[in-house]
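Descriptive analysis of the structure
Take a look at the letters that make up each chain.
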Amino acid sequence: MAETATQQSEIDQRTVRRAVIASAMGNATEWYDYGVFTSGAIATAIGTVFFPGEGNAVLKSLALVAIGFVVRPFGGAFFGPLGDKIGRQKVLAITILLMSGCTFLVGCLPTYAGGYAIGIGAPILVLLLRLIQGFSTGGEYGGAATFIAEYAPTRRRGFFGSFLEFGTLSGYVLGNIVVLAVTLSFTSEQVSSWAWRIPFFVALPLGLVGLYLRTKLEDTPEFRRLEKAGEKAEKAPLRETLTRNWRMILNLIGIVLLLNIADYMLLTTMPTYFTDTLKINDNTSTVIIICVELVQMALIAPLGALSDRIGRKPLLLTAAIGYIVLSYPSIKLMQSGSTALLVVGFGIVALLLVLMLAVIGSTFPAMFPTRVRYGSFAIGYNVSTSLFGGTCGVIVTALIHGTGNEDWPAFYLMIAAAIALVPIMRIPETARVPMARIEVQSAPADGLRTA
């Protein structure tokens, strides 16, 4: 009997690990795309080959990334409630295929001018692909986080949930490594002419591996429990999601505001800030970012496990207060002209970010009940990401160029952190609360109670 129980436990652990890997692959695919699109050499090439005329090619590329965020809330409103109706696994299979396919197709597109060109059709096609990818990405993150949280044991939800953002960092690092390999292997003329396509081709096999892993898993135990009890929504519960959970969705939007401004600041804005503003070599900038992110990857799982013991809120509060106090000194270190001090300044901001990344995969899904978890998370997360995360690079770069003040990355982070402190303090601690016991109503002051 004991042997059977042990075998069952081992099977469960293997299933949890497979669910974690399958979920994290989608995040890795999404952030691989950002890593490629926002790297100095590729961003310059994209802005040049698809958009005619004079002007900052990097800013054009960042604007293209930002445009994809316009449709993310619509993707969240479509895929999220759909995932609450038909299941998480089915929707996640669709989103990862669309995301990776769109990134791959960017590498296949003809350009505006040159031998393989279609003129005005080129920017139209690349814009269309970014819109489709943004729409599908709107349904990815909320579903992936929900998938892990509903599979993970209650007392280890922080540890397992941290691997979702491990996927973010690994995808971004992989994107930077591939770009670095391309820029070191080819001349700048070759990169601008055709070698810029190579990193985009890598997205397809990443997506296919993730698709295979996801199709081999059952839906989450929580969703199957709800389905068996006859409590699953018969229609996509968009109205229920918004009317009964709006308070907690607003709290989520406020926390994600800081998370994504910090995330996109470090991972999509800083590469061009280093090269355009601080005049650091492309390859040197990429190596610094990769090294700092490898440290983040080493810390994220232990911090997730720590949150299982002390709670999620202490880490979130430390990050928010840290950004208010340390953002300005950090940016001054980066501007010092010393590579060593630049690494220290960048490392401080990155360490504060990893405190948040380690716990959001376990915090956000536990803010909503199973019946509307996917939709509530996806809508709140993507509204905030669209408004504040995806626009971060364009706004900060434009502010620097428009005012001549190079301190805007710090000011932007400080403002976001001050705003996020309020919802962080309002949400309850759910570190040891089973997912099945989460019930959300709009009536209570904090918007959440546990059954």
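As recorded by an unreviewed UniProt entry, the protein carries the name Putative proline/betaine transporter and is attributed to Amycolatopsis bartoniae. According to UniProt, the comment filed for the protein under the heading Sequence similarities (unreviewed entry) is "Belongs to the major facilitator superfamily. Metabolite:H+ Symporter (MHS) family (TC 2.A.1.6) family." Check the Function (unreviewed entry) section of the UniProt entry for the protein; it says "May be a proton symporter involved in the uptake of osmolytes such as proline and glycine betaine."

With that settled, consider the side chain of threonine 137. Structurally, the position occupied by threonine 137 is in helix α6 (residues 121–137). Aside from chain neighbours lying at most four places away, what touches threonine 137 is Glu30, Tyr34, Arg72, Met99 and Asn382.

This paragraph deals with the packing of aromatic side chains. Per the counting criterion, the structure on display carries 25 aromatic pairs. Pairing phenylalanine 159 with phenylalanine 163 gives two aromatic rings, centres 5.2 Å apart and planes at 85°, and the pair type is edge-to-face. Of the two residues, phenylalanine 159 and phenylalanine 163 both sit in helix α8 (residues 157–185), four residues apart, roughly one turn of that helix. Among the residues examined, phenylalanine 159 registers a relative accessible area of 22% and is labelled partly exposed. With centroids separated by 5.9 Å and ring planes inclined at 55°, the aromatic side chains of phenylalanine 163 and phenylalanine 166 adopt a geometry described as tilted. Separated by three residues within a single helix, phenylalanine 163 and phenylalanine 166 lie in helix α8, roughly one turn from each other. The exposure class of phenylalanine 166 is partly exposed, given its relative accessible area of 28%. A connected cluster of aromatic rings, assembled from ring pairs, spans Trp31, Tyr34, Phe69, Tyr172 and Tyr264. Above the face of the phenylalanine 37 ring, arginine 130 is positioned so that its terminal group lies 4.1 Å from the ring centre.

Let's shift gears to a positive patch on the surface. On the surface, a cluster of positive charge is made up of Arg14, Arg17, Arg18 and Arg156. Inspection of the secondary structure assignment puts arginine 156 in the loop between α7 (140–151) and α8. In this structure arginine 156 comes out as partly exposed when scored by relative accessible area, which is 36%.

Glancing now at a nonpolar patch on the surface. Side chains of Ile94, Leu98, Ile118, Leu125, Leu128 and Ile132 sit close together on the surface and give an oily, nonpolar patch of about 440 Å² of accessible area. Mapped by element, the contributors of at least two residues to the nonpolar patch are α5 (88–106) and α6. Looking at the nonpolar patch, the element that brings in the most residues is α6, giving three residues. Tracing the sequence through the fold places isoleucine 118 in the loop between α5 and α6. The partly exposed category is assigned to isoleucine 118, whose relative accessible area is 41%.

Below, the discussion takes up the nonpolar core. Core analysis: the biggest nonpolar cluster contains 120 residues, and Met265, Phe274, Tyr323, Met334, Phe346 and Phe364 have the highest contact counts within it. The biggest single contributor to this core is helix α13 (residues 238–277), with 18 residues. Apart from the residues within four sequence positions on either side, phenylalanine 274 is in contact with Lys279, Ile280, Ser285, Ile288, Ile289, Met334, Leu342 and Phe346.

Where α7 contacts α8, the two axes come as close as 9 Å, and the packing angle between them is 150°. Between α7 and α8, the interaxial angle falls into the category roughly antiparallel. Two packed elements cross with a definite hand, and for α7 against α8 that hand is right-handed. Across the interface between the two elements, Tyr141, Ala144, Ala145, Ile148 and Ala149 from α7 touch Arg157, Phe160, Gly161, Leu164 and Glu165 from α8. Residues belonging to the contact of α7 with α8 are distributed by class as follows: seven nonpolar, one polar and two charged.

Criteria and thresholds
- Along each chain, residue indices are assigned from 1 in the same order as the chain's sequence is written.
- Given that this is a predicted model, residues contribute local features only at a pLDDT of at least 70 and side-chain atom pairs are listed and counted only at 80 or more, while totals for whole chains, interfaces and linings are drawn from all residues.
- Only hydrogens and water are set aside when side-chain values are computed; all heavy atoms of the structure are taken into account.
- UniProt positions are given in the numbering used here, feature names are shortened, and annotations may be inferred rather than shown by experiment.
- In DSSP terms, a helix is any run of H or I states spanning at least four residues, a strand is any run of E spanning at least two, and both are numbered starting from the N terminus.
- When checking whether two residues touch, look at their non-hydrogen atoms; a contact exists if any pair is within 4.5 Å.
- Pairing of aromatic rings covers Phe, Tyr and Trp, the last through its six-membered ring, and needs centres within 6.5 Å; plane angles under 30 degrees mean stacked, over 60 mean edge-to-face, and all others mean tilted.
- Note on classification: 1.4 Å probe, protein chains only; a residue is buried when its accessible area is under 20% of the maximum for its type, exposed when over 50%, partly exposed between these limits.
- Put simply, a charge is over a ring when the Lys NZ or the Arg CZ is close to the ring centre, within 6 Å, and near the line of the ring normal, within 35 degrees.
- Patch rule: a residue counts if its relative accessible area is over 30% and it has no salt bridge; like charges are joined within 9 Å, and nonpolar side chains (Val, Leu, Ile, Met, Phe, Trp, Tyr) within 5 Å.
- The Shrake-Rupley method, run with a 1.4 Å probe sphere, supplies the accessible areas, and residue values consider only the shown protein chains as cover.
- In the sections that follow, a salt bridge refers to a side-chain nitrogen of Lys or Arg positioned within 4 Å of a carboxyl oxygen of Asp or Glu.
- For the charge count, each Lys or Arg is scored as positive and each Asp or Glu as negative, with His and the chain ends excluded.
- By convention, the charge on Lys lies at NZ, on Arg at CZ, on Asp at CG and on Glu at CD.
- Buried Ala, Val, Leu, Ile, Met, Phe, Trp, Tyr and Cys residues that are joined via side-chain atoms within 4.5 Å together make up what is termed a nonpolar core.
- Orientation is described by axes fitted as lines to C-alpha atoms, over the contacting stretch for helices, and by angles from 0 to 180 degrees between their N-to-C directions.
- Angle categories are assigned with fixed cut-offs, so that under 35 degrees is roughly parallel, over 145 is roughly antiparallel, 65 to 115 is roughly perpendicular, and the rest are oblique.
- Whether a crossing is left-handed or right-handed is set by the direction in which the near helix is turned from the far one by less than a right angle, anticlockwise for left-handed and clockwise for right-handed.
- Here the nonpolar group is Ala, Val, Leu, Ile, Met, Phe, Trp, Tyr, Cys and Pro; Asp, Glu, Lys and Arg are the charged ones; every other residue, Gly included, is treated as polar.

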